[in-house]
Amino acid sequence: MQDKINEIEKSIDEAVKDVQSSKTLQEIKMRFLGKTGEISSLMKNMRDVPPEQRPSMGKLLNALREWTEERFDAIEKRIKDFELKKKYKEEKIDVTLPGRVTEDGAYHPNTLIRNELISVFAGMGFEIFEGPEIENDYYNFTALNTPADHPARDMQDTFYLSNDLLLRTQTSAGQIRVMENKKPPIKILSPGKVYRSDDDATHSPMFSQMEGLVVDKGITLCDLKGMLDEFARKIFGANVKTRLRPSYFPFTEPSVEVDVSCFECGGKGCRLCKGTGWIEVLGAGMVNRHVLEGCDIDPDEYTGFAFGMGIERIAMLKYGINNMKLLFEGDVRFLKQFKGER
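This write-up is about the structure you can find in this document. Just so we're clear, the structure is a prediction, and the values are computed from it rather than from any experiment.

**Some words on the packing of helix α2 (residues 22-33) against helix α4 (residues 54-90)**
Here comes step 1: Two elements in contact, α2 and α4, have axes separated by 10 Å at closest approach and are oriented at 170°. By the angle between their directions, the pair α2 and α4 is classed as roughly antiparallel. Residue-level contacts link Ser22, Leu25, Ile28, Lys29, Phe32 and Leu33 of α2 to Arg65, Thr68, Glu69, Phe72, Asp73, Ile75, Glu76, Ile79, Lys80 and Glu83 of α4.

**Describing the nonpolar core**
The tendency in soluble globular proteins is for nonpolar side chains to be buried side by side.
Here comes step 1: Counting residues in each nonpolar core, the largest one holds 36 residues, and the members touching the most others are Phe231 and Phe307.
Here comes step 2: Where this core is concerned, the elements lending two or more residues are α5 (109-122), β5 (206-216), α8 (221-236), β7 (252-261), β8 (278-287), β9 (303-310) and α10 (311-319).
Here comes step 3: Top element by residues in this core is α8. It accounts for seven residues.
Here comes step 4: Here Phe231 is in contact with Leu117, Val120, Phe121, Phe236, Leu282, Met309 and Ile314, once residues within four sequence places are set aside.
Here comes step 5: Counting residues in hydrophobic clusters, the runner-up holds 20 residues, among them Tyr139, Ala143, Leu213 and Tyr302.

**Looking at the pattern of salt bridges**
Here comes step 1: Here the structure, examined in full by the defined rule, presents 16 salt bridges.
Here comes step 2: Two residues, Asp259 and Arg245, come together in a salt bridge whose shortest N-O distance is 2.5 Å. In this pair, Asp259 sits in strand β7 while Arg245 sits in strand β6 (residues 242-249), placing the two residues 14 residues apart along the sequence.
Here comes step 3: Relative accessible area serves as the criterion here: at 3%, Asp259 is assigned to the buried category.
Here comes step 4: By relative accessible area, which is 27% here, Arg245 ends up partly exposed.
Here comes step 5: Of the charged contacts, one joins Arg289 and Asp300 as a salt bridge, the two residues approaching to 3.1 Å between their closest N and O atoms. Note that Arg289 is positioned in helix α9 (residues 289-294) and Asp300 in the loop between α9 and β9, a separation of eleven residues in sequence.

**A word on the environment of Asp104**
Here comes step 1: Within the secondary structure, Asp104 is located in the loop between α4 and α5.
Here comes step 2: For Asp104 and Ile79, which are 25 residues apart along the polypeptide, the C-alpha to C-alpha distance reads 44 Å.

**Comments concerning the layout of surface pockets**
Here comes step 1: Taken as a whole, the second largest pocket encloses approximately 230 Å³ of empty space.
Here comes step 2: As for the second largest pocket, its lining consists of 17 residues, and the residues nearest its centre are Asn110, Arg114, Gly192, Lys193 and Ser208.
Here comes step 3: When residues of the lining of the second largest pocket are traced back to their parent elements, those giving at least two are α5, β4 (186-195), β5 and α10.
Here comes step 4: Taken together, the residues of the lining of the second largest pocket break down into five nonpolar, six polar and six charged.

**Topic: α2**
Here comes step 1: In this model α2 runs 16 Å from its N-terminal to its C-terminal C-alpha over twelve residues, within 8% of the 16 Å that 1.5 Å per residue would give.
Here comes step 2: Buried within α2 are the following residues: Leu25, Ile28, Phe32 and Leu33. Buried residues in α2, looked at end-on, bunch into an arc of 110°, giving them a common side. In α2, the exposed positions angled more than 90 degrees off the buried face are occupied by Lys23 and Glu27.
Here comes step 3: Packed against the buried residues of α2 are α1 (2-16), α3 (38-44) and α4.

**A short note on the side chain of Ser255**
Here comes step 1: Tracing the backbone shows Ser255 in strand β7.
Here comes step 2: Under the relative-accessibility criterion, Ser255 is labelled buried at 4%.
Here comes step 3: Among the polar contacts made by the side chain of Ser255, one reaches the main-chain amide nitrogen of Phe249 at a distance of 3.1 Å.
Here comes step 4: When near neighbours in sequence (up to four residues on either side) are disregarded, Ser255 contacts Arg245, Pro246, Ser247, Tyr248, Phe249, Ala284 and Gly285.

Parameters and conventions
Residues numbered from 1 in each chain as written. Predicted model: local features only at pLDDT ≥ 70, side-chain atom pairs only at ≥ 80, totals over all residues. Heavy atoms only, no water. Axes fitted to C-alpha atoms, helices over the stretch in contact; angles between N-to-C directions. Helix = DSSP H or I, 4+ residues; strand = E, 2+ residues; numbered from the N terminus. Parallel < 35°, antiparallel > 145°, perpendicular 65-115°, else oblique. Contact = heavy atoms within 4.5 Å. Core = buried A, V, L, I, M, F, W, Y, C linked by side-chain atoms within 4.5 Å. Buried < 20%, exposed > 50% of the residue type's maximum accessible area, 1.4 Å probe, protein only. Salt bridge = Lys/Arg side-chain N within 4 Å of Asp/Glu carboxyl O. 1 Å grid on protein atoms, 1.4 Å probe; cavity = no way out; pocket = protein on both sides within 12 Å on 5 of 7 lines; lining within 4 Å. Points joined across faces, edges and corners; volume = space filled by probe spheres on them. Nonpolar A, V, L, I, M, F, W, Y, C, P; charged D, E, K, R; others polar. Expected span 1.5 Å × (residues − 1). Arc of directions from axis to C-beta. Polar contact = N/O pair within 3.5 Å; in protein donor to acceptor, adjacent residues only side chain to side chain.

Function cannot be read off these values alone, since they describe shape.
See below:
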């Protein structure tokens, strides 16, 4: 047994001679002291030793185990001290070096305009409603007075997911969801992403819209004009004026295109307004009687107006952005220009 103990001690000395890491030391420790280690195996074999020899054998094995544990503890302390000093050296900070400057971020132009629009219309009493981006045909078209064979459907190239489901082409679908579940008075603003198969310098297959709806007794086109005047002054400047031009949308009657006087040249004519003195910003109109009736709202008792604008278009006009794709590319050089805007 003594020969076996001497052999184990020699093996331990050889194994730990060049050990440099806690992980390696732990592996060696398990080899000798683990449940299936060499010393543990010797202790398990004590049951095969004759009873009269067990006390002396037990003393030898206990002494071996104590010696081994003390040896490993000493080596472990030395390695931990070494590793700690190495870590301190690697993580040492030179406080005399100049600090790293962390740049502040900037809001995206779309976020700036969205927040500004919400603030303007919330100040006029509008509530926020966000509908689903995946709509069915009924809410996106039919309930907005656009039957399956209506030519107005040709005005928009739609991404269909199935015969009935599609990516909404307009946030106007939210009008129907609100009017079905809430009776007048209604005053809601519905921002969100919309999708159309269109792509050039001023159009994108995915863009953001903001739809507004007001329904109550005695609402007229004059109320729409007054609200748009306030919107234009808040967004484009105190001296900006609005004008309404006849247009067509299936869910409003009458329908209008809304222009603002050019805030760049004051209406004199420039490149931004293409010499006309006016810039088109959104579409609007009085809610069509058929749309109100479809939502169980009596059009003889209640009237309303609706308007919708592209957030990217407002951002491009306000910040002088000449290519819509800049709003989607995430170029840090472009976004840095909006630092300080809120």
